[in-house]
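Close look at the chain arrangement
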Amino acid sequence: LWLIFVLGRTLRRLEGSLLAELFEFAGMQWMGSLFLFAAVLFAVDLISGFGLFMPQMLVFRLRKAALVCGAVLVLLAHIQGLRPPAVEHYDVAVNKLPADLDGLKIAMISDLHLGEMFIDADWLKARVQQMQALQPDCIVLVGDIFERNHDLAELIPVLRQLSAPLGVFAVWGNHDLMRSGRQEAGAAVLTGAGIRLLRNEHAKLAEGLLLAGIDDLTLAHRRGGTGKAYLPRALADRPARAATILLSHTPWLAKQAAASGVSLMLSGHTHNGQIWPFTYLVRILYPFVSGQYAVDSMSLIVCRGTGTWGPRMRFWQRSEIALINLRSTASAKN
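Notes on the structure follow. No experiment lies behind these values; they were computed from the predicted model shown.

A few words now on a nonpolar patch on the surface. Together, V68, V72, L75, L76 and I79 make up an exposed nonpolar region whose accessible area comes to about 440 Å². Among the structural elements, L76 can be located in helix α3 (residues 56–82).

See the structure below:
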(Lines give C-alpha, C1' and ligand atoms only; values in the text may rest on other atoms or scores of the structure.)
Protein backbone atom coordinates (compact mmCIF):
# COMPACT_ATOMS: atom_id res chain seq x y z
CA LEU A 1 0.00 0.00 0.00
CA TRP A 2 2.85 2.39 0.71
CA LEU A 3 4.32 1.51 -2.70
CA ILE A 4 1.07 2.69 -4.29
CA PHE A 5 1.71 6.14 -2.83
CA VAL A 6 5.33 6.16 -4.06
CA LEU A 7 4.24 4.97 -7.51
CA GLY A 8 1.62 7.73 -7.72
CA ARG A 9 4.17 10.39 -6.85
CA THR A 10 6.58 8.98 -9.45
CA LEU A 11 3.97 8.81 -12.21
CA ARG A 12 2.85 12.33 -11.30
CA ARG A 13 5.62 13.65 -13.53
CA LEU A 14 3.56 12.41 -16.49
CA GLU A 15 1.25 15.39 -16.77
CA GLY A 16 -2.39 14.54 -17.31
CA SER A 17 -1.88 10.88 -16.39
CA LEU A 18 -5.12 9.50 -14.95
CA LEU A 19 -3.23 6.43 -13.76
CA ALA A 20 -0.87 8.63 -11.73
CA GLU A 21 -3.80 10.44 -10.12
CA LEU A 22 -5.54 7.17 -9.26
CA PHE A 23 -2.40 5.72 -7.68
CA GLU A 24 -1.70 8.91 -5.77
CA PHE A 25 -5.32 9.18 -4.63
CA ALA A 26 -5.25 5.59 -3.33
CA GLY A 27 -1.94 6.22 -1.55
CA MET A 28 -3.12 9.45 0.06
CA GLN A 29 -6.38 7.90 1.25
CA TRP A 30 -4.44 4.97 2.70
CA MET A 31 -2.14 7.37 4.55
CA GLY A 32 -5.09 9.23 6.12
CA SER A 33 -6.89 5.99 6.98
CA LEU A 34 -3.77 4.53 8.58
CA PHE A 35 -3.45 7.62 10.76
CA LEU A 36 -6.98 7.18 12.15
CA PHE A 37 -6.55 3.43 12.72
CA ALA A 38 -3.22 4.06 14.47
CA ALA A 39 -4.82 6.70 16.75
CA VAL A 40 -7.55 4.40 18.10
CA LEU A 41 -5.24 1.39 18.40
CA PHE A 42 -2.70 3.49 20.29
CA ALA A 43 -5.48 4.57 22.67
CA VAL A 44 -6.20 0.90 23.43
CA ASP A 45 -2.48 0.26 24.01
CA LEU A 46 -2.35 3.13 26.50
CA ILE A 47 -5.46 1.89 28.35
CA SER A 48 -4.13 -1.67 28.55
CA GLY A 49 -0.53 -0.73 29.36
CA PHE A 50 0.46 -2.06 25.92
CA GLY A 51 -1.22 -5.36 26.76
CA LEU A 52 0.69 -5.92 30.00
CA PHE A 53 -1.94 -4.92 32.57
CA MET A 54 -5.03 -6.72 31.27
CA PRO A 55 -5.92 -10.32 30.37
CA GLN A 56 -4.88 -11.11 26.80
CA MET A 57 -8.42 -12.03 25.74
CA LEU A 58 -9.71 -8.65 26.93
CA VAL A 59 -6.88 -6.85 25.13
CA PHE A 60 -7.70 -8.83 21.98
CA ARG A 61 -11.36 -7.79 22.18
CA LEU A 62 -10.45 -4.17 22.81
CA ARG A 63 -8.21 -4.16 19.76
CA LYS A 64 -10.97 -5.67 17.61
CA ALA A 65 -13.32 -2.96 18.88
CA ALA A 66 -10.67 -0.35 18.04
CA LEU A 67 -10.43 -1.65 14.47
CA VAL A 68 -14.22 -1.37 14.09
CA CYS A 69 -14.12 2.12 15.59
CA GLY A 70 -11.26 3.06 13.24
CA ALA A 71 -13.23 1.83 10.21
CA VAL A 72 -16.19 4.01 11.26
CA LEU A 73 -13.91 7.04 11.69
CA VAL A 74 -12.33 6.43 8.28
CA LEU A 75 -15.78 6.25 6.65
CA LEU A 76 -16.89 9.48 8.36
CA ALA A 77 -13.64 11.22 7.38
CA HIS A 78 -14.18 10.29 3.73
CA ILE A 79 -17.76 11.56 3.83
CA GLN A 80 -16.72 14.84 5.47
CA GLY A 81 -13.85 15.27 3.00
CA LEU A 82 -16.14 14.94 -0.01
CA ARG A 83 -18.93 17.18 1.29
CA PRO A 84 -19.07 20.81 0.05
CA PRO A 85 -17.57 23.39 2.42
CA ALA A 86 -19.75 24.77 5.19
CA VAL A 87 -20.36 28.52 5.30
CA GLU A 88 -19.20 29.82 8.68
CA HIS A 89 -20.49 33.25 9.76
CA TYR A 90 -18.41 35.67 11.82
CA ASP A 91 -19.40 39.05 13.28
CA VAL A 92 -16.35 41.24 13.92
CA ALA A 93 -16.18 44.64 15.55
CA VAL A 94 -13.58 46.60 13.56
CA ASN A 95 -11.80 49.57 15.11
CA LYS A 96 -11.76 52.72 12.96
CA LEU A 97 -14.29 51.27 10.49
CA PRO A 98 -16.44 54.17 9.25
CA ALA A 99 -20.07 53.98 10.34
CA ASP A 100 -21.29 53.97 6.74
CA LEU A 101 -19.37 50.69 6.16
CA ASP A 102 -21.11 48.92 9.04
CA GLY A 103 -22.42 45.55 7.79
CA LEU A 104 -19.89 45.21 4.98
CA LYS A 105 -19.39 41.52 4.14
CA ILE A 106 -16.12 39.81 3.21
CA ALA A 107 -16.09 36.24 1.89
CA MET A 108 -12.86 34.38 2.60
CA ILE A 109 -11.58 31.13 1.14
CA SER A 110 -8.18 29.58 1.74
CA ASP A 111 -6.22 26.46 0.89
CA LEU A 112 -8.05 25.53 -2.29
CA HIS A 113 -5.08 23.42 -3.48
CA LEU A 114 -6.49 23.39 -7.00
CA GLY A 115 -5.31 20.31 -8.88
CA GLU A 116 -4.85 18.20 -5.75
CA MET A 117 -6.76 14.91 -5.52
CA PHE A 118 -9.45 15.66 -8.14
CA ILE A 119 -10.00 19.22 -6.90
CA ASP A 120 -10.54 20.40 -10.45
CA ALA A 121 -12.33 23.08 -12.47
CA ASP A 122 -15.75 21.51 -11.85
CA TRP A 123 -15.13 21.49 -8.10
CA LEU A 124 -13.97 25.11 -8.30
CA LYS A 125 -17.06 26.10 -10.29
CA ALA A 126 -19.29 24.82 -7.47
CA ARG A 127 -17.28 26.80 -4.91
CA VAL A 128 -17.57 29.96 -7.01
CA GLN A 129 -21.34 29.51 -7.10
CA GLN A 130 -21.33 29.08 -3.31
CA MET A 131 -19.36 32.29 -2.90
CA GLN A 132 -21.46 34.35 -5.30
CA ALA A 133 -24.68 33.22 -3.59
CA LEU A 134 -23.44 34.93 -0.41
CA GLN A 135 -23.37 38.30 -2.24
CA PRO A 136 -20.22 39.56 -0.48
CA ASP A 137 -18.89 43.10 -0.85
CA CYS A 138 -15.34 41.77 -1.15
CA ILE A 139 -13.78 38.35 -1.79
CA VAL A 140 -10.34 37.28 -0.54
CA LEU A 141 -8.30 34.16 -1.37
CA VAL A 142 -5.88 33.64 1.51
CA GLY A 143 -3.16 31.48 -0.04
CA ASP A 144 -2.42 27.93 -1.19
CA ILE A 145 -4.57 28.49 -4.24
CA PHE A 146 -2.66 26.26 -6.65
CA GLU A 147 -1.21 22.79 -6.26
CA ARG A 148 -0.35 21.62 -9.79
CA ASN A 149 1.26 23.41 -12.71
CA HIS A 150 -0.54 21.70 -15.60
CA ASP A 151 -3.89 22.85 -17.01
CA LEU A 152 -4.01 25.99 -14.87
CA ALA A 153 -5.30 27.98 -17.83
CA GLU A 154 -8.64 26.19 -17.65
CA LEU A 155 -9.18 27.78 -14.26
CA ILE A 156 -9.16 31.35 -15.61
CA PRO A 157 -12.77 31.45 -16.92
CA VAL A 158 -13.98 29.86 -13.70
CA LEU A 159 -12.12 32.24 -11.38
CA ARG A 160 -13.21 35.17 -13.53
CA GLN A 161 -16.77 34.51 -12.32
CA LEU A 162 -15.74 35.60 -8.84
CA SER A 163 -16.94 39.18 -8.50
CA ALA A 164 -17.70 41.62 -5.71
CA PRO A 165 -18.36 45.39 -5.62
CA LEU A 166 -15.09 46.14 -3.79
CA GLY A 167 -13.04 43.61 -5.73
CA VAL A 168 -11.40 40.19 -5.45
CA PHE A 169 -7.96 39.91 -3.81
CA ALA A 170 -5.42 37.19 -3.07
CA VAL A 171 -2.15 36.51 -1.28
CA TRP A 172 0.34 33.70 -1.78
CA GLY A 173 0.61 30.64 0.44
CA ASN A 174 3.59 28.32 0.79
CA HIS A 175 2.29 25.88 -1.86
CA ASP A 176 1.94 28.75 -4.35
CA LEU A 177 5.63 29.62 -4.00
CA MET A 178 7.52 26.44 -3.20
CA ARG A 179 7.84 24.80 -6.66
CA SER A 180 9.61 26.19 -9.69
CA GLY A 181 7.30 27.82 -12.21
CA ARG A 182 4.14 27.63 -10.11
CA GLN A 183 4.36 31.23 -8.92
CA GLU A 184 4.59 32.59 -12.46
CA ALA A 185 1.83 30.32 -13.78
CA GLY A 186 -0.42 31.13 -10.81
CA ALA A 187 0.15 34.88 -11.19
CA ALA A 188 -0.86 34.64 -14.85
CA VAL A 189 -4.07 32.86 -13.86
CA LEU A 190 -4.95 35.48 -11.24
CA THR A 191 -4.23 38.32 -13.65
CA GLY A 192 -6.35 36.67 -16.34
CA ALA A 193 -9.18 36.24 -13.85
CA GLY A 194 -9.05 39.88 -12.71
CA ILE A 195 -7.90 39.01 -9.18
CA ARG A 196 -5.46 41.43 -7.56
CA LEU A 197 -2.49 39.81 -5.86
CA LEU A 198 -1.22 41.67 -2.78
CA ARG A 199 2.49 41.10 -2.17
CA ASN A 200 3.60 42.98 0.94
CA GLU A 201 1.45 45.96 0.02
CA HIS A 202 -1.96 47.43 0.70
CA ALA A 203 -4.92 48.59 -1.37
CA LYS A 204 -7.81 50.94 -0.68
CA LEU A 205 -11.11 49.08 -0.44
CA ALA A 206 -13.26 52.09 0.43
CA GLU A 207 -12.87 55.46 2.08
CA GLY A 208 -11.48 54.67 5.53
CA LEU A 209 -10.82 50.96 4.86
CA LEU A 210 -7.59 49.34 3.65
CA LEU A 211 -6.73 45.76 2.71
CA ALA A 212 -3.10 44.68 3.17
CA GLY A 213 -1.53 41.40 2.14
CA ILE A 214 1.82 39.71 2.81
CA ASP A 215 3.66 36.74 1.31
CA ASP A 216 3.65 33.43 3.17
CA LEU A 217 5.52 33.42 6.48
CA THR A 218 5.98 29.64 6.75
CA LEU A 219 8.03 29.41 3.56
CA ALA A 220 10.05 32.48 4.53
CA HIS A 221 10.89 30.78 7.84
CA ARG A 222 11.90 27.54 6.12
CA ARG A 223 14.22 29.44 3.80
CA GLY A 224 16.16 30.99 6.65
CA GLY A 225 14.21 34.19 7.22
CA THR A 226 11.23 35.01 9.38
CA GLY A 227 9.25 37.23 7.02
CA LYS A 228 9.04 39.90 9.72
CA ALA A 229 9.98 42.53 7.15
CA TYR A 230 6.84 41.75 5.13
CA LEU A 231 4.47 43.32 7.63
CA PRO A 232 5.98 46.83 7.92
CA ARG A 233 6.43 46.89 4.16
CA ALA A 234 2.74 46.11 3.61
CA LEU A 235 1.59 48.69 6.14
CA ALA A 236 3.95 51.49 5.12
CA ASP A 237 2.48 54.90 4.19
CA ARG A 238 -1.10 54.00 5.05
CA PRO A 239 -3.53 56.64 6.35
CA ALA A 240 -3.47 56.63 10.15
CA ARG A 241 -7.24 56.94 10.49
CA ALA A 242 -8.12 54.05 8.17
CA ALA A 243 -9.19 50.62 9.42
CA THR A 244 -6.82 47.93 8.15
CA ILE A 245 -7.55 44.30 7.30
CA LEU A 246 -4.49 42.07 6.88
CA LEU A 247 -4.32 38.93 4.74
CA SER A 248 -1.60 36.51 5.84
CA HIS A 249 -1.73 32.87 4.78
CA THR A 250 0.12 31.71 7.90
CA PRO A 251 -1.42 32.92 11.21
CA TRP A 252 1.87 34.21 12.61
CA LEU A 253 2.89 37.77 13.61
CA ALA A 254 -0.57 38.36 15.06
CA LYS A 255 0.82 40.27 18.05
CA GLN A 256 2.95 42.44 15.78
CA ALA A 257 -0.01 43.10 13.49
CA ALA A 258 -2.16 44.15 16.44
CA ALA A 259 0.60 46.43 17.73
CA SER A 260 0.85 47.98 14.24
CA GLY A 261 -2.81 48.99 14.31
CA VAL A 262 -4.32 46.21 12.22
CA SER A 263 -8.01 45.82 13.08
CA LEU A 264 -8.65 42.38 11.55
CA MET A 265 -6.30 39.64 10.36
CA LEU A 266 -7.45 36.82 8.06
CA SER A 267 -5.41 33.61 7.71
CA GLY A 268 -5.55 29.94 6.72
CA HIS A 269 -2.82 27.30 6.30
CA THR A 270 -3.58 25.10 9.32
CA HIS A 271 -6.55 23.15 7.85
CA ASN A 272 -7.47 22.78 11.56
CA GLY A 273 -5.27 19.68 11.37
CA GLN A 274 -7.67 18.29 8.71
CA ILE A 275 -7.77 14.84 10.39
CA TRP A 276 -8.17 14.48 14.16
CA PRO A 277 -6.07 14.03 16.28
CA PHE A 278 -3.49 15.74 14.03
CA THR A 279 -5.04 19.04 15.19
CA TYR A 280 -3.16 18.75 18.49
CA LEU A 281 0.16 18.42 16.68
CA VAL A 282 -0.59 21.41 14.44
CA ARG A 283 -1.22 23.56 17.52
CA ILE A 284 2.44 23.17 18.53
CA LEU A 285 3.51 25.37 15.60
CA TYR A 286 0.28 27.28 15.06
CA PRO A 287 -1.48 28.22 18.33
CA PHE A 288 -4.21 29.96 16.33
CA VAL A 289 -5.49 26.89 14.51
CA SER A 290 -9.12 27.60 13.56
CA GLY A 291 -11.93 30.05 14.21
CA GLN A 292 -12.02 33.54 15.72
CA TYR A 293 -9.55 34.92 18.27
CA ALA A 294 -8.98 38.20 20.07
CA VAL A 295 -5.35 39.31 19.93
CA ASP A 296 -5.12 42.48 22.02
CA SER A 297 -7.39 44.97 20.21
CA MET A 298 -7.32 42.99 16.93
CA SER A 299 -9.56 40.14 15.76
CA LEU A 300 -7.99 37.15 14.02
CA ILE A 301 -9.97 34.65 11.95
CA VAL A 302 -8.27 31.44 10.78
CA CYS A 303 -10.10 29.55 8.04
CA ARG A 304 -9.81 25.76 8.33
CA GLY A 305 -9.47 25.50 4.55
CA THR A 306 -11.89 25.36 1.64
CA GLY A 307 -10.16 22.43 -0.04
CA THR A 308 -7.98 19.62 1.25
CA TRP A 309 -4.34 18.68 0.88
CA GLY A 310 -3.27 15.06 0.63
CA PRO A 311 -6.18 12.76 1.54
CA ARG A 312 -9.66 13.92 0.53
CA MET A 313 -10.59 13.38 4.17
CA ARG A 314 -11.67 15.62 7.06
CA PHE A 315 -12.39 14.72 10.63
CA TRP A 316 -14.29 16.17 12.52
CA GLN A 317 -15.28 19.41 10.78
CA ARG A 318 -15.65 19.72 7.02
CA SER A 319 -14.10 22.41 4.83
CA GLU A 320 -15.03 26.05 5.24
CA ILE A 321 -15.99 29.24 3.43
CA ALA A 322 -15.93 32.15 5.87
CA LEU A 323 -18.41 35.03 5.60
CA ILE A 324 -17.28 37.93 7.78
CA ASN A 325 -19.71 40.68 8.74
CA LEU A 326 -17.83 43.86 9.68
CA ARG A 327 -19.35 45.96 12.44
CA SER A 328 -18.29 49.53 13.07
CA THR A 329 -17.47 50.37 16.68
CA ALA A 330 -18.33 53.99 15.84
CA SER A 331 -21.80 52.88 14.71
CA ALA A 332 -22.27 50.87 17.92
CA LYS A 333 -21.45 53.92 20.07
CA ASN A 334 -24.01 55.98 18.20
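There's plenty left to go through after this.
Another point: a negative patch on the surface. A cluster of like negative charges, contributed by D120, D122, D151 and E154, occupies part of the molecular surface. Mapped onto the elements, D122 comes out in helix α4 (residues 121–133). Given a relative accessible area of 56%, D122 falls into the exposed group.

In space, the six strands of this open sheet follow the order β1-β12-β2-β3-β4-β5, with mixed pairing throughout. Bordering the open sheet on either side are β1 (86–94) and β5 (196–197), each of which pairs with just one other strand. Bridge count between strand β2 (residues 105–109) and strand β3 (residues 138–142): four bridges; the pairing is parallel. Note that in β3 the partner of I109 across the bridge is L141. Set on the sheet, α4 makes contact with β1, β2, β3 and β12 (320–328); between it and β12 the angle comes to about 20 degrees.

Taking strand neighbours across the sheet as the criterion, the six strands line up as β6-β7-β8-β9-β11-β10 in an open arrangement whose pairing is mixed. Each of the sheet's edge strands pairs with one partner strand only, and the pair in question is β6 (201–206) and β10 (291–295). The average angle at which neighbouring strand axes cross in this sheet is 20 degrees, direction not considered. Bridging between strand β7 (residues 209–214) and strand β8 (residues 243–248) involves six bridges; their strand directions are parallel. Along β8, the bridge assignment pairs G213 with L247.

A few words now on empty space enclosed by the protein. Under the criterion given, the structure shown has two cavities of 30 Å³ or more. In this structure, the second largest cavity spans a volume of roughly 50 Å³. The wall of the second largest cavity is formed by G81, L82, R83, P85, I119, W123, T306, G307, T308, R312 and S319. A breakdown of the residues in the lining of the second largest cavity according to their chemical character gives four nonpolar, five polar and two charged.

Let us look at the packing of helix α2 (residues 18–47) against α3. In contact at an axis separation of 9 Å, α2 and α3 are set at 145 degrees when each is read in the N-to-C sense. Crossing of α2 against α3: the hand is right-handed. Note on element contacts: α3 touches α2 through L62, R63, A66, L67, C69, G70, A71, L73, V74, A77 and H78, opposite Q29, S33, L36, F37, V40, L41, V44 and D45. Looking at the contact of α2 with α3 residue by residue, the classes come out as 13 nonpolar, four polar and two charged.

About the cut-offs
- Residues numbered from 1 in each chain as written.
- Predicted model: local features only at pLDDT ≥ 70, side-chain atom pairs only at ≥ 80, totals over all residues.
- Heavy atoms only, no water.
- Patch = residues over 30% accessible without salt bridge, like charges linked within 9 Å, V, L, I, M, F, W, Y side chains within 5 Å.
- Areas by Shrake-Rupley, 256 points an atom, 1.4 Å probe, with all protein chains shown as cover.
- Salt bridge = Lys/Arg side-chain N within 4 Å of Asp/Glu carboxyl O.
- Helix = DSSP H or I, 4+ residues; strand = E, 2+ residues; numbered from the N terminus.
- Lys, Arg positive; Asp, Glu negative; His and termini not counted.
- Charge placed at Lys NZ, Arg CZ, Asp CG, Glu CD.
- Buried < 20%, exposed > 50% of the residue type's maximum accessible area, 1.4 Å probe, protein only.
- Pairing = 2+ DSSP bridges.
- Contact = heavy atoms within 4.5 Å.
- Axes fitted to C-alpha atoms, helices over the stretch in contact; angles between N-to-C directions.
- 1 Å grid on protein atoms, 1.4 Å probe; cavity = no way out; pocket = protein on both sides within 12 Å on 5 of 7 lines; lining within 4 Å.
- Points joined across faces, edges and corners; volume = space filled by probe spheres on them.
- Nonpolar A, V, L, I, M, F, W, Y, C, P; charged D, E, K, R; others polar.
- Left-handed = near helix turned anticlockwise from the far one by under 90°.

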